[in-house]
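Given next are the chains, with one letter for each unit.
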Amino acid sequence: MSYVKDKLSFVSNIYKEKCPHCGEGHVFEKGLSVFKIPVMKERCSECDYRFEREPGYFIGAMYLSYGLAIFQGILGFLVCNALFPGLAIEWIVASVILPMLLLSKKNFKWSRILYIHIFPW
Ligand SMILES: [Zn+2]
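This text gives an overview of the structure that appears in the document.

Definitions and limits used
Residues numbered from 1 in each chain as written. Predicted model: local features only at pLDDT ≥ 70, side-chain atom pairs only at ≥ 80, totals over all residues. Heavy atoms only, no water. Donors = N, O, S within 2.8 Å, 3.2 Å for Na, K, Ca; no water. Tetrahedral: all angles 85-135°; square planar, octahedral: opposite > 155°, others 65-115°. Helix = DSSP H or I, 4+ residues; strand = E, 2+ residues; numbered from the N terminus. Contact = heavy atoms within 4.5 Å. Buried < 20%, exposed > 50% of the residue type's maximum accessible area, 1.4 Å probe, protein only. Lys, Arg positive; Asp, Glu negative; His and termini not counted. Salt bridge = Lys/Arg side-chain N within 4 Å of Asp/Glu carboxyl O. Phe/Tyr/Trp six-rings, centres within 6.5 Å; stacked < 30°, edge-to-face > 60°. Lys NZ or Arg CZ within 6 Å of the ring centre and 35° of its normal.

This part is about the coordination of the zinc ion. In an ideal tetrahedron of four donors about a metal, each angle is 109.5 degrees. In an ideal octahedron of six donors, the angles are 90 or 180 degrees. Looking at the zinc ion, one finds its protein donor set to be Cys19 (SG), Cys22 (SG), Cys44 (SG) and Cys47 (SG), positioned 2.2 to 2.4 Å from the metal centre. Around the zinc ion sit four donor atoms; with metal-centred angles ranging over 107 to 112°, the donor geometry is tetrahedral. Between consecutive donor residues of the zinc ion, the sequence gaps follow C-x2-C-x21-C-x2-C. In this pair, Cys19 sits in the loop between α1 (2-15) and α2 (59-83) while Cys47 sits in the loop between α1 and α2, placing the two residues 28 residues apart along the sequence.

In structure tokens form, the structure reads like this:
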């Protein structure tokens, strides 16, 4: 039962963008403009956990961001191809690139959140 609860809180903390250590503090600053790049806090406001463990720690998150973008592009293509078969190549390219562009800010957050939860040490 504890194992299931741990897994649920792991997924919940990722979804809510909470600290991997205490599960209470937010990892990103809230209330920023839609057009600004998300700002990550240096430390957890609740437990003082340092999010960037060492210099260059988040370089690994770029790989996750890349994987997420590729997944979203493929998903965009599959959905567009299923809904509108026989589209011109320009629209197919747009169906791949558009989800990647629209979700780029979210990918930045998701990749870092996933990374600090996968590698919390
Ligand atoms: Zn914390």
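Mapped onto the elements of the fold, Glu17 is located in the loop between α1 and α2. In this structure, Glu17 is in contact with Gly25, His26, Val27, Phe28, Lys30, Lys106, Lys109 and Ile113, ignoring residues within four places of it in sequence.

On to the side chain of Lys18. If you trace the backbone, Lys18 turns up in the loop between α1 and α2. Glu24 provides the closest opposite charge to the buried, salt-bridge-free Lys18, at an N-O distance of 5.4 Å. Apart from the residues within four sequence positions on either side, Lys18 is in contact with Asn13, Gly23, Glu24, Gly25, His26, Val27 and His117.

Taken as a whole and judged by the stated rule, the model has six aromatic pairs. Where Tyr57 meets Tyr115, the ring centres are 5.2 Å apart and the plane angle is 65°; that geometry is what we call edge-to-face. Of this pair, Tyr57 sits in the loop between α1 and α2 while Tyr115 sits in helix α4 (residues 104-118); the two residues are 58 residues apart in sequence, bridging distant segments of the chain. On the basis of an interplanar angle of 55° and a centroid distance of 5.0 Å, the ring pair of Tyr115 and Phe119 is categorised as tilted. On the basis of relative accessibility, which here comes to 14%, the residue Tyr115 falls in the buried class. Assessed through its relative accessible area of 34%, Phe119 is described here as partly exposed. Taken together, the aromatic side chains of Tyr57, Phe58, Tyr115 and Phe119 make up a single cluster linked through ring pairs. Over the face of the ring belonging to Phe28 we find Lys109, whose NZ or CZ atom lies 5.4 Å from the ring centre.

Shape is all these values report; function is a separate question.
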